[in-house]
Amino acid sequence: PAIVDQEDAVGLRLFDHADEAADAHFHGILRLLAINCSDKLRYLEKNHGLSQAARMAWTPFGSVSVLVSDLAWSALVEAAGDNVLGIRSDFSFQQLSQNVRQRLGGVFQARTRVLEDVLKMANSIASTLDDKFAAARPSVHEDIEGQLHDLLYEGFLRHLEPGRFHHYPRYLEAIRSRLERVPLNPARDLKLMEEVRPWWQRYLDYLANGGVYDEAMDTYRWLLEEYRVSLFAQQLGTAEKVSPKRLEQAWRAVIDG
């Protein structure tokens, strides 16, 4: 049995497989938390604290109201932590709900600060990727623009695992660092880009051909982002060890299912 998400309500359903039940139950409990904390979420969305500059920076990517709603949802998920799947009684749910209500404001504010920084960096990057840059360095422009829009798109905050978002400032700073260095040594940048290209193309082709974005693909995708950091902005450091060998191992996990 599992609690299932019905958008504005929850239901109870029996599943044939435990993994399917666990996935449904996770999202069902989150929906129940959102319903139970709806007043708090509405307040946070109304008083989100994003500056006008940050909101303007987001407009090329999507709706500000959707972004703020997703920010609140992602804060709820982070505040709930790792205890969601263990909720199987009214008592345990009420305990979790109380803890979430206590943590939600602080978590939301912390994520807002990160988002503010990310959007300002994105705006700085976008201003560099102008028509003049595109004409002078078309392949670099295409690569960075594709990377940027894979990081930032409407709905991205709901799609990320809770801890991933806190790496975003480093990812954006790595792009900005790369752009600063391109004019100094364009040949080096092209060489490094050629090292990334086959791994990035695998990812794009897999999704274009209808591949499932599962846990294995998520591991590969973010390992690839760390690989970009290691090549273009090594001074920033990586969250984990990364190399072509590790990328190949992660890719095999995607292909082998």
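Refer to the structure above for everything that follows.
Below: a short report on this structure. Owing to the predicted nature of the structure, the values given are computational and were not obtained by experimental measurement.

### Thoughts on the overall build of the protein chain
Helix and strand counts for the protein chain stand at twelve helices and two strands. Moving toward the C terminus, one meets the helices and strands of the protein chain in the order β-β-α-α-α-α-α-α-α-α-α-α-α-α. Its C-alpha radius of gyration of 20 Å places the protein chain within 12% of the 18 Å reference for a compact globule of 257 residues. With the principal axes as the frame, the protein chain shows a C-alpha extent of 60 × 45 × 30 Å. Counting contacts in the protein chain only where the partners sit at least 6 residues apart, residues at least 24 apart contribute 70% of the total. With an accessible surface of roughly 13600 Å², the protein chain has 50% of that area assigned to carbon and sulfur atoms. Once the 30 positive and 37 negative side-chain charges of the protein chain are each reduced to a mean point, those two points are 6 Å apart.

### What to know about empty space enclosed by the protein
Within the structure shown, the criterion is met by one cavity of 30 Å³ or more. Of the pockets and cavities examined, the largest cavity occupies roughly 50 Å³. Around the largest cavity sit Gln147, Tyr171, Ala174, Ile175, Arg178, Arg228, Val229 and Phe232, which together line it. At the level of elements, α9 (168-181) and α11 (215-232) are the ones that each hand at least two residues to the lining of the largest cavity. Top element by residues in the lining of the largest cavity is α9. It accounts for four residues. Of the residues in the lining of the largest cavity, the class split is five nonpolar, one polar and two charged.

### Let's talk about the nonpolar core
With 77 residues, the main nonpolar core has Leu152, Phe156, Tyr168, Leu172 and Tyr220 as its most contacted residues. For this core, the element with the most residues is helix α5 (residues 90-128), which contributes 13 residues. Aside from chain neighbours lying at most four places away, what touches Tyr220 is Trp199, Arg202, Tyr203, Leu247, Ala250, Trp251 and Val254. Within the second largest apolar cluster, five residues are counted, among which are Val4, Phe15, Ala21 and Ala24.

### Here we look at the layout of surface pockets
Estimates place the volume of the largest pocket at around 1200 Å³. In this structure, the largest pocket is lined by 33 residues; those nearest its centre are Asp23, Phe26, His27, His159 and Glu161. Secondary structure elements with two or more residues in the lining of the largest pocket: α1 (18-36), α4 (64-80), α8 (156-159) and α11. When residues of the lining of the largest pocket are assigned to their parent elements, the largest contribution, six residues, is made by α1.

### What about the pattern of salt bridges?
One pass over the full model with this rule turns up 17 salt bridges. For Lys191, the salt bridge goes to Glu195, with nearest N and O atoms at 3.2 Å. Here Lys191 pairs with Glu195, and both are found in helix α10 (residues 186-208), just four residues apart, close to one helical turn. Given the relative accessible area of 28%, Glu195 is considered partly exposed. Here the salt bridges share partners, and the residues they tie into one network are Asp143, Arg178, Asp189 and Arg228.

### Digging into the packing of aromatic side chains
For the coordinates displayed, the defined rule picks out twelve aromatic pairs. Between Trp58 and Phe61 the ring centres are 5.5 Å apart and the planes differ by 25°, which places this aromatic pair in the stacked class. A relative accessible area of 1% means that Trp58 is categorised as buried. Over the face of the ring belonging to Phe232 we find Arg178, whose NZ or CZ atom lies 4.0 Å from the ring centre. Above the ring of Trp222, the side-chain terminus of Arg221 is found at 4.1 Å from the ring centroid.

### A few points about α11
Between its first and last C-alpha, α11 extends 26 Å over 18 residues, near the 26 Å set by a 1.5 Å rise per residue. Counting buried positions along α11 yields 13 of 18 residues, so the element is predominantly enclosed. Measuring from the backbone nitrogen of Ala216 back to the side-chain oxygen at the start of α11 gives 3.3 Å, which picks out Asp214 as the cap.

### Considerations on the environment of Lys132
Within the fold, Lys132 resides in helix α6 (residues 131-136). Look at Lys132 and you get exposed, because its relative accessible area is 70%. Between the C-alpha atoms of Lys132 and Gln235, which are 103 residues apart in sequence, the distance is 28 Å.

Thresholds, definitions, all that
Residues numbered from 1 in each chain as written. Predicted model: local features only at pLDDT ≥ 70, side-chain atom pairs only at ≥ 80, totals over all residues. Heavy atoms only, no water. Helix = DSSP H or I, 4+ residues; strand = E, 2+ residues; numbered from the N terminus. Rg over C-alpha atoms; globule rule 2.2 N^0.38 Å. Contact = heavy atoms within 4.5 Å. Areas by Shrake-Rupley, 256 points an atom, 1.4 Å probe, with all protein chains shown as cover. Lys, Arg positive; Asp, Glu negative; His and termini not counted. Charge placed at Lys NZ, Arg CZ, Asp CG, Glu CD. 1 Å grid on protein atoms, 1.4 Å probe; cavity = no way out; pocket = protein on both sides within 12 Å on 5 of 7 lines; lining within 4 Å. Points joined across faces, edges and corners; volume = space filled by probe spheres on them. Nonpolar A, V, L, I, M, F, W, Y, C, P; charged D, E, K, R; others polar. Core = buried A, V, L, I, M, F, W, Y, C linked by side-chain atoms within 4.5 Å. Buried < 20%, exposed > 50% of the residue type's maximum accessible area, 1.4 Å probe, protein only. Salt bridge = Lys/Arg side-chain N within 4 Å of Asp/Glu carboxyl O. Phe/Tyr/Trp six-rings, centres within 6.5 Å; stacked < 30°, edge-to-face > 60°. Lys NZ or Arg CZ within 6 Å of the ring centre and 35° of its normal. Expected span 1.5 Å × (residues − 1). Polar contact = N/O pair within 3.5 Å; in protein donor to acceptor, adjacent residues only side chain to side chain.

These values are about where atoms sit, not about what they do.
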